[in-house]
Amino acid sequence: MYDIIIIGGGTAGLSAAIYGARAGKEVLVLEQKNYGGQIINSPEIENYPGIKRISGFEFATGLYEQAIGLGACYEREKVVKIEDKNTVKLVVTEKKEYEARAVILATGAKNRPLGLERENRLIGAGLSYCATCDGAFFRGREVAVVGGGNTALEDALFLSGYCKKVWLIHRRDTFRGEGTKLQMLQEKENVELILNTVVKELRGDTKLEGIVLENTATGEVSEKEVSGLFVAIGQMPDNGAFADLVTIDEMGYIRASEDCRTKTAGIFTAGDCRTKTVRQLATAAADGAVAGLAACEYISGIL
């Protein structure tokens, strides 16, 4: 019997483990892959308060070692379901079953990939899924953004302040994002909109050197030499296994406000898997702290 089981070993999950362990609780973190989440692939982090510069691997390893040093347990197992037995939660993995008084869902969300050859190889070598994380590394260079929603528009606006040239590429003839953001982009001299176009190929073996484009209306193929490609075509949360215990919105995110509580007593959520407007490293850590302390408070109330 654990006090708190945390599903997910990213920034939110490990932050929750730190707060739970510091409160004297028996904490188990279950993660199907390596610890760290998406941030572990970032070559450098420059937007986390109090840390001038650090690699994603160093940051994630620091969180992991801090949680383990405080007494949290960590297992690489995939959770397939959770059963609510009132004051006890049964957590079932592909290997075994665990019991806990409280559960924190910190499953994160995967960036939706383009599905192109060499995409994984070029992550951190010119290809990024987070403009605010990596945009400053492309100061004075030419880059492209792929997407048509608010995130893509915001990324292009952000990058326009750093980069010599920004191409915003969208597969449709109109953008889904807010009109005011689009108008701001259209007023930028260093931003060019490319509609009815998809990225068909990534050029470069060890680093991104260019992209091959195809016009969906005419079939015309062209190429752009870019140093960076920022993919903003959405994220993919994976919360289906918990749909009977939490409320999931139409995009797959767990509905929860800033208190990180779900509709089921004793089940909390933290990080990119929940409904929120800002998904950054700092907000993931904040969610972990809130959820960890909320779980401790809940446990005190049922004992």
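Shown above is the structure to which this text applies.
Residues numbered from 1 in each chain as written. Predicted model: local features only at pLDDT ≥ 70, side-chain atom pairs only at ≥ 80, totals over all residues. Heavy atoms only, no water.

Chemist: Please provide a residue-by-residue account of the pairing of strand 11 (residues 191–194), values included.
Modeler: Both strand 10 (residues 165–169) and strand 11 contribute to a ladder of 4 bridges, which runs parallel. The residue of strand 11 that forms the bridge with Val166 is Val191. What joins strand 10 to strand 11 is helix 6 (residues 179–186), and the crossover it makes is right-handed. (Pairing = 2+ DSSP bridges. Helix = DSSP H or I, 4+ residues; strand = E, 2+ residues; numbered from the N terminus. Right-handed = clockwise from strand over helix to strand, strands pointing away.)

Chemist: So what about the sheet that holds strand 11? Which residues, and what values?
Modeler: Strand order in the open sheet made by the 5 strands is 8-15-9-10-11, with parallel pairing throughout. The open sheet is flanked by strand 8 (127–128) and strand 11, the only strands paired with a single partner. Of the pairings in the sheet, the one linking strand 8 to strand 15 (residues 228–231) comprises 2 bridges and is parallel in character. Paired with Ser128 across the two strands is Phe230, which belongs to strand 15.

Chemist: If you had to explain helix 6 to someone new, which residues and values would you point to?
Modeler: The complete set of buried residues in helix 6 reads Lys181, Leu182 and Leu185. Burial along helix 6 is one-sided: seen end-on, the buried residues are contained in an arc of 100°. Of the exposed residues in helix 6, the ones pointing more than 90 degrees away from its buried face are Gly179, Thr180 and Gln186. For helix 6, the secondary structure elements touched by its buried residues are helix 5 (150–160), strand 10 and strand 11. (Buried < 20%, exposed > 50% of the residue type's maximum accessible area, 1.4 Å probe, protein only. Arc of directions from axis to C-beta. Contact = heavy atoms within 4.5 Å.)

Chemist: Summarise the pairing of strand 2 (residues 27–30); cite the residues concerned and give the values.
Modeler: Judged by which residues are buried, strand 2 turns out to be covered on both faces: Val27 and Val29 on one side and Leu28 and Leu30 on the other are all buried. Of the pairings in the sheet, the one linking strand 1 (residues 2–7) to strand 2 comprises 4 bridges and is parallel in character. By the bridge assignment for strand 2, Ile5 is matched with Leu28. Bridge count between strand 2 and strand 3 (residues 73–75): 3 bridges; the pairing is parallel. Paired with Leu28 across the bridge in strand 3 is Cys73.

Chemist: I'd like a description of the sheet that holds strand 12 (residues 197–203), backed by residues and values.
Modeler: Pairing is antiparallel across the open sheet formed by 3 strands, whose spatial order is 12-13-14. Lying at the two open borders of the sheet, with one neighbouring strand each, are strand 12 and strand 14 (221–224). For this sheet, the mean inter-axis angle between neighbouring strands, taken without regard to orientation, is 30°. With 6 bridges joining them, strand 12 and strand 13 (residues 210–215) adopt antiparallel strand pairing. Bridge pairing in strand 13 links Glu201 to Val212. (Axes fitted to C-alpha atoms, helices over the stretch in contact; angles between N-to-C directions.)

Chemist: Which residues make up the state of the cysteines, and what values go with them?
Modeler: Per the counting criterion, the structure on display carries 1 disulfide. In this model Cys130 forms its disulfide with Cys133; the gap between the sulfur atoms is 2.3 Å. Across the S-S bond of Cys130 and Cys133 the torsion is about 65°, and the bridge reads as right-handed. Of all cysteine sulfurs, the one in Cys130 lies closest to Cys163, which takes part in no disulfide; the gap is 14 Å. When its relative accessible area of 5% is taken as the criterion, Cys163 is described as buried. Here Cys260 stays free of any disulfide, with the sulfur of Cys273 as its closest cysteine sulfur at 9.0 Å. The buried category is assigned to Cys260, whose relative accessible area is 0%. (Disulfide = S-S within 2.5 Å.)

Chemist: With reference to specific residues and values, describe unusual backbone geometry.
Modeler: The phi dihedral of Arg118 is positive, around 70°, even though this residue is not glycine. Structurally, the position occupied by Arg118 is in the loop between strand 7 (109–111) and helix 3 (119–122). Despite not being glycine, Cys260 shows a phi value in the positive range, around 65°. Positionally, Cys260 belongs in the loop between strand 16 (235–237) and strand 17 (267–269).

Chemist: How would you summarise the packing of helix 5 against helix 6 if you had to cite specific residues and measurements?
Modeler: At a minimum axis separation of 10 Å, helix 5 and helix 6 run at an interaxial angle of 30°. Here helix 5 lies roughly parallel to helix 6, going by the angle between them. Considering only the axes of helix 5 and helix 6, their crossing is left-handed. On the side of helix 5, the interface is formed by Asn150, Leu153, Glu154, Ala156 and Leu157, while helix 6 contributes Lys181, Leu182, Met184 and Leu185. When the residues that make up the contact of helix 5 with helix 6 are grouped by side-chain class, the tally is 6 nonpolar, 1 polar and 2 charged. (Parallel < 35°, antiparallel > 145°, perpendicular 65-115°, else oblique. Left-handed = near helix turned anticlockwise from the far one by under 90°. Nonpolar A, V, L, I, M, F, W, Y, C, P; charged D, E, K, R; others polar.)

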